[in-house]
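# Analysis of the macromolecular model
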Amino acid sequence: FIICGLLGNPSTLATFMDIPVMKFCVCLVSITCWSVQMSFVIANDYLEPEPMEFRDKARLDLYKQVYMKEGMTEGQDIWSSCIALLGMGLALRFFSYLGLRFMNRSKQV
């Protein structure tokens, strides 16, 4: 959970997106990258925020730079995020089932 929290943060995510190998690893491992990006893009499109204070405007610009320009699905739509999250969820459940089924078989009832 700590990995997902760190890799979903826009300030740390921007540094990882510059290196292609790191970008691939982050996209493969972090669920939060995909879900936060998808949520931000949808919220930004529908709510069209106009921050009043300089600090809030700078934060919104950083988020737009990371999630809309340098994001994992650059040039693609929101559905790629949905597919990635669905695939990660299915893989997690499948490998969890295998672990529960075959670990400590001698102790199972």
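Right above here is the structure, for reference.
Here the structure is a predicted model, which is why all the values come from computation and not from measurement.

Here the focus is the overall build of the chain. Looking only at helices and strands, one finds six helices and zero strands in the chain. When the helices and strands of the chain are listed from N to C terminus, the series reads α-α-α-α-α-α. Expressed as a percentage of the 109 residues in the chain, the buried residues total 27%. Looking at the chain alone, contacts between residues at least 24 apart form 68% of all its contacts between residues at least 6 apart. As displayed, the chain has an accessible area near 8200 Å², and 67% of this comes from carbon and sulfur atoms.

For the rest of this paragraph, the subject is helix α6 (residues 78–102). For α6, with 25 residues, the first-to-last C-alpha span of 37 Å sits near the 36 Å given by 1.5 Å per residue. Looking only at α6, the buried set comprises Ser80, Ser81, Ala84, Leu85, Met88 and Gly89. Each element contacted by the buried residues of α6 is listed here: α3 (20–29) and α4 (31–47). Once α6 finishes, asparagine 104 follows within two positions and takes phi at roughly 55°, a positive value.

Inspection of the entire model under this criterion finds two aromatic pairs. Note on phenylalanine 40 and tyrosine 63: the rings are 5.9 Å apart at their centroids and 90° apart in plane angle, and the pair reads as edge-to-face. Of the two residues, phenylalanine 40 sits in helix α4 while tyrosine 63 sits in helix α5 (residues 54–69), which places them 23 residues apart along the sequence. For phenylalanine 40, a relative accessible area of 13% gives the class buried.

All right, on to the nonpolar core then. Counting residues in each nonpolar core, the largest one holds 10 residues, listed as Leu7, Leu13, Ala14, Met17, Val26, Cys33, Phe40, Leu60, Val66 and Tyr67. Secondary-structure elements contributing two or more residues to this core are α2 (10–16), α4 and α5. Among the elements that take part in this core, α5 stands out by supplying three residues, more than any other. Counting six residues, the second largest nonpolar core, distinct from the first, contains Cys27, Met38, Ala84 and Leu85.

What counts and what doesn't
Residues numbered from 1 in each chain as written. Predicted model: local features only at pLDDT ≥ 70, side-chain atom pairs only at ≥ 80, totals over all residues. Heavy atoms only, no water. Helix = DSSP H or I, 4+ residues; strand = E, 2+ residues; numbered from the N terminus. Buried < 20%, exposed > 50% of the residue type's maximum accessible area, 1.4 Å probe, protein only. Contact = heavy atoms within 4.5 Å. Areas by Shrake-Rupley, 256 points an atom, 1.4 Å probe, with all protein chains shown as cover. Expected span 1.5 Å × (residues − 1). Phe/Tyr/Trp six-rings, centres within 6.5 Å; stacked < 30°, edge-to-face > 60°. Core = buried A, V, L, I, M, F, W, Y, C linked by side-chain atoms within 4.5 Å.

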